[in-house]
Amino acid sequence: MWRRRFTSLPLFFSHLQQVRRADELKICQAFCTETVKPPVEGESNSGRNSPFVAFVLGGPGSGKGTQCLKIAETFGFDHIGAGDLLRKEMHSDSENGAMIQKLMKEGSIAPSEVTVKLIKKAIESAENRKFLIDGFPRSEENRVAYERIIGAEPNFVLFFDCPEEVMVKRVLNRNEGRVDDNEHTVKERLKVYKAITLPVANHYDKKGKLYKVDGTGTQEEIFERVRPIFASLRLST
Ligand SMILES: Nc1ncnc2c1ncn2[C@@H]1O[C@H](COP(=O)(O)OP(=O)(O)O)[C@@H](O)[C@H]1O
Ligand SMILES: O=c1ccn([C@@H]2O[C@H](COP(=O)(O)OP(=O)(O)O)[C@@H](O)[C@H]2O)c(=O)[nH]1
Ligand SMILES: [Mg+2]
C-alpha cells in the first residue's frame, strides 16, 4: 500500500539552516496536512495507490525545468513537464497540435482538459509513484480540473521566486528553438503569469502547502536551497 509518512522532524529542521522560521512553519504544514477531495467516479486514481505529487511553479525562466532535472535525478522522482507534454502533442499528428502551437506562441494557457489528460496519462503509465509536475497548474481552472480528475491535491508546491529581468534574460538565452522564447511572447507570458498563475500559488500558500525558494544565483546554489526539502521526505510504499 502506498502511504505517505513525514518522520524525523528534528532531522528535517536541522537541514533547513538557511530557511526562515516562517518558511519552516509553512513546509511543516505542507508535509503534515493533506486534503483529499472526493473523487469523481470513474475519473480518479486517488485512494490507496494515490501518487506523491509536488507541483513546481514559478515564472517563465525561473528555473523550474532545470531544478526538476536535478531533483528527479537526486531523489528518484519522475519529472512531468506540462509544457513538454504539450510540445510533444504539438509536434504529433494530434488534432490539438495547431491549437497548442497558437496558444504557446501567444503565451496563453491550453484548455485544462487537454493538459490534465496528458498529465493523467503520464502518471498512469509510470511505474514510479513520486512525481514532479512542472509548470502546472497555470490557472485556477487548471487546478480545479486537476483536483477533480485526479481526485487529490498535490502533497506540496515548490515555487521559484525570481525577478522578472532575470527570468526574461534566461528565456531569451534559452536557445531550444521554442516558439515562445522571444521578447514579445515572454512579455505576454509574464502578464499571464502575474494575473492567472500567481493566484494558484497564493491558493496553496493559504493552505500551507507552498514552499518558496529564491530562484536567483547559480543552478547549484538554487539546488542547495531545494535539496533539504526533498532530503527530509520520508516516503514508504
Ligand atoms: N540558475 C541559473 N542561472 C542561469 N541560467 C539558468 C539558471 N537556471 C536555469 N538557467 C537557464 O535558464 C533557462 C531557463 O531555465 P528553465 O529551467 O528552462 O526555466 P523554466 O522551466 O522555469 O522556464 C535555460 O536555458 C536554463 O539553462
Ligand atoms: O500547464 C500548462 C503548461 C504549459 N502551457 C503552455 O506551454 C507554454 C510553455 O510552458 P513551459 O512550462 O514549458 O514553459 P516555462 O515556464 O518552462 O518556460 C506556456 O506558456 C503555455 O502556453 C500550458 O498551456 N499549460
Ligand atoms: Mg520549463
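Not measured: the values here are computed from a predicted model. (Residues numbered from 1 in each chain as written. Chains lettered and ligands numbered in written order. Predicted model: local features only at pLDDT ≥ 70, side-chain atom pairs only at ≥ 80, totals over all residues. Heavy atoms only, no water.)

Student: Would you mind showing me how to read the packing of helix α8 (residues 164–172) against helix α9 (residues 183–206) here?
Tutor: Two numbers describe a pair of packed helices, the interaxial angle and the distance between the axes. Close contact between α8 and α9 brings their axes to 10 Å; oriented N to C, the two are set at 140 degrees. Considered as vectors, α8 and α9 are oriented oblique to each other. When you trace α8 past α9, the crossing you get is right-handed. Of the residues in α9, those in contact with E164, M167, V168, V171 and L172 of α8 are E183, V186, L190, Y193 and K194. For the contact of α8 with α9, the residue count by class is 7 nonpolar, no polar and 3 charged. (Axes fitted to C-alpha atoms, helices over the stretch in contact; angles between N-to-C directions. Helix = DSSP H or I, 4+ residues; strand = E, 2+ residues; numbered from the N terminus. Parallel < 35°, antiparallel > 145°, perpendicular 65-115°, else oblique. Left-handed = near helix turned anticlockwise from the far one by under 90°. Contact = heavy atoms within 4.5 Å. Nonpolar A, V, L, I, M, F, W, Y, C, P; charged D, E, K, R; others polar.)

Student: Would you mind going over the confidence of the model for the protein chain with me for this structure?
Tutor: Should the pLDDT be low somewhere, the predicted coordinates at that spot are not to be read in detail. Overall, the predicted model of the protein chain reaches an average pLDDT of 84, with 78% of residues at or above 70. Segment residues 1–46 is flagged for pLDDT under 50; beyond a separation of four residues in sequence, or across chains, it makes 92 contacts in the model. Here the prediction assigns the complex a pTM of 0.85, and the interface score ipTM is 0.99. (pLDDT = per-residue confidence, 0-100.)

Student: Mind showing me how you'd approach the pairing of strand β4 (residues 130–134) here?
Tutor: Successive side chains on a regular strand alternate, one facing one side of the sheet and the next facing the other. Judged by how many residues are buried, β4 sits mostly within the fold: 5 of 5 residues are covered. Here β4 shows a buried face lined by K130, L132 and D134 and a second buried face lined by F131 and I133. As paired elements, strand β3 (residues 78–81) and β4 share 4 bridges and run parallel to each other. By the bridge assignment for β4, H79 is matched with L132. (Buried < 20%, exposed > 50% of the residue type's maximum accessible area, 1.4 Å probe, protein only. Pairing = 2+ DSSP bridges.)

Student: Which parts of the structure should I look at to understand the site of ligand 1?
Tutor: Surrounding ligand 1, one finds 14 residues, the nearest of these being G61, K64, T66, R174 and G217. Between an oxygen atom of ligand 1 and a main-chain N or O atom of S62, the distance comes to 3.2 Å. Among the cavities detected, the one that contains ligand 1 is the largest pocket. Those elements that place two or more of their residues in the shell around ligand 1 are α3 (64–75) and α10 (219–231). Looking at the shell around ligand 1, the element that brings in the most residues is α3, giving 3 residues. Residues belonging to the shell around ligand 1 are distributed by class as follows: 2 nonpolar, 9 polar and 3 charged. (Near = heavy atom within 4 Å. Polar contact = N/O pair within 3.5 Å; in protein donor to acceptor, adjacent residues only side chain to side chain. 1 Å grid on protein atoms, 1.4 Å probe; cavity = no way out; pocket = protein on both sides within 12 Å on 5 of 7 lines; lining within 4 Å. Sits in = over half its atoms within 2 Å of the grid points.)

Student: How should the packing of α3 against α10 be read in this particular structure?
Tutor: Packing of α3 against α10 brings their axes to within 10 Å, and their N-to-C directions diverge by 45 degrees. With respect to their mutual orientation, α3 and α10 come out oblique. Both α3 and α10 take part in a crossing whose hand is right-handed. Each of T66, Q67, K70, I71, T74 and F75 in α3 lies in contact with α10, whose residues at this interface are Q219, E220, I222, F223, V226, R227, F230 and A231.

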